[in-house]
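So the chains spell out like this:
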Amino acid sequence: NAKAQYFLSQYDNSNFYLSYYCDNEKGYINWATYWVKYRNNAIYWGKKLFNQNTPYKWIVAENIAEHYKELAKSCKDYGNNYYYYYNKKENKWYEKIIKGTKGDTNNEYHYCNANAFLGYNYEQGIGLKQDYKKAIDLYIEASNNTPYICVDWKGDTTNTNEWKGGIEKRIGECYMKIKDYKQAVLHYQSSINLDSSKYNLFPMFRLGYCYENGYG
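Residues numbered from 1 in each chain as written. Predicted model: local features only at pLDDT ≥ 70, side-chain atom pairs only at ≥ 80, totals over all residues. Heavy atoms only, no water.

Caption draft 1: Spatial organisation of the overall build of the chain. Scanning the chain from terminus to terminus reveals 10 helices and two strands. For the chain, the succession of helices and strands along the chain, N to C, is α-α-α-α-α-α-α-β-β-α-α-α. For the chain, with 216 residues in total, the buried portion stands at 44%. A total of about 12200 Å² of accessible surface is found on the chain, and carbon and sulfur atoms cover 48% of it. (Helix = DSSP H or I, 4+ residues; strand = E, 2+ residues; numbered from the N terminus. Buried < 20%, exposed > 50% of the residue type's maximum accessible area, 1.4 Å probe, protein only. Areas by Shrake-Rupley, 256 points an atom, 1.4 Å probe, with all protein chains shown as cover.)

Caption draft 2: Expanded view of the packing of aromatic side chains. Counted by the stated rule, this structure contains nine aromatic pairs. Centre to centre, the rings of Y85 and Y86 are 5.3 Å apart; their planes meet at 65 degrees, and the pair counts as edge-to-face. For Y85, a relative accessible area of 42% corresponds to the partly exposed category. Each member of the aromatic cluster is reached from another via a ring pair, and the members are Y68, Y82, Y85 and Y86. Directly above the ring of F50 sits K57, whose terminal nitrogen or CZ lies 4.4 Å from the centroid. Its guanidinium or amino end placed over the ring of F117, K69 lies 4.5 Å from that ring's centre, counting from NZ or CZ. (Phe/Tyr/Trp six-rings, centres within 6.5 Å; stacked < 30°, edge-to-face > 60°. Lys NZ or Arg CZ within 6 Å of the ring centre and 35° of its normal.)

Caption draft 3: Up close: the pattern of salt bridges. Evaluation of the coordinates by the stated rule reveals five salt bridges. Note that E173 and R206 form a salt bridge whose closest N and O atoms lie 2.8 Å from each other. Of the two residues, E173 is situated in helix α8 (residues 160-177) and R206 in helix α10 (residues 202-213); the sequence distance between them amounts to 33 residues. Each member of the pair, E173 as well as R206, carries the same accessibility label: buried. (Salt bridge = Lys/Arg side-chain N within 4 Å of Asp/Glu carboxyl O.)

Caption draft 4: Broad picture of the side chain of N115. With respect to the helices and strands, the residue N115 is situated in helix α6 (residues 108-124). Residue classification places N115 among the buried residues on the basis of a relative accessible area of 2%. Not counting residues up to four positions away in its chain, the partners in contact with N115 are I98, L138, E141 and A142. (Contact = heavy atoms within 4.5 Å.)

Caption draft 5: Structural detail: α10. Spanning 12 residues, α10 covers 17 Å between terminal C-alpha atoms, matching the ideal 16 Å at 1.5 Å per step. Within the sequence span of α10, burial applies to P203, R206, L207 and C210. Down the axis of α10, the buried set is contained in an arc of 100 degrees. They therefore lie on one face. In this structure, α10 carries F205 and E212 as exposed residues pointing more than 90 degrees from its buried face. Of the residues flanking the end of α10, it is G214, one or two places downstream, whose phi is positive at about 70 degrees. (Expected span 1.5 Å × (residues − 1). Arc of directions from axis to C-beta.)

Structure representation (C-alpha cells):
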C-alpha cells in the first residue's frame, strides 16, 4: 500500500524529475525512458491498490487514467505508435469510473471528471472513433453532476461556474462541428454567462464569429 500510494502521489512531479536528470547530464532521452518506466510502475501498483476496494479507489482510478494519458503523450512526441494503445487504456478507465460512481454522491467529483475527460476524447478522436454527439452527451452529464469544486482542463481547482463555463464552451464547439449553429450559439452564450473572465475569451470570439457570419 505504501509503495502504491508513493507512486500515485508523485505522478505530477514531472518538472522535478526533468530538472534532476538534466542537471546530472543524463540527457532528455534518458529522462523520458525513466519517466515511462516510472508511470508503468505507478499503473502497476495503482491497479493493486484499486483492486483492494479501498475508500479512495476512485482517486486511484483517476490517477491511473492520468498516467495512461501521459504515456500516450510521450509516445506521440517520440513517434511511437503505442500512443493509441495507451489512449484506449485511458478511456477504459474513464468508462470504469463512470460505471462505478454513477449515482454515488460521495464520488460525484470523479464521475464528473471522467465524463468530461472521456467527452473530450470523443470530441478529439483520442483513442476511439471521433463522435461529437457522444461527446455532447458526456459533457452534459458532467455539467449536470458538477460538484462545487472541480478540476479544470489544466488540473487546477476551480469553482462550479468556471468549470461549467468550460464545459459549455466545448459543447458549443461540438455543435459547430455538426453544423447545429443555433445550439452552438446558445452554449457559447451560456459559457460566457457562467464565466466572463479574461480566461474564457474563446467562446466570446466564437460567438462573435457566428454573428458575423449569420450562424444560428
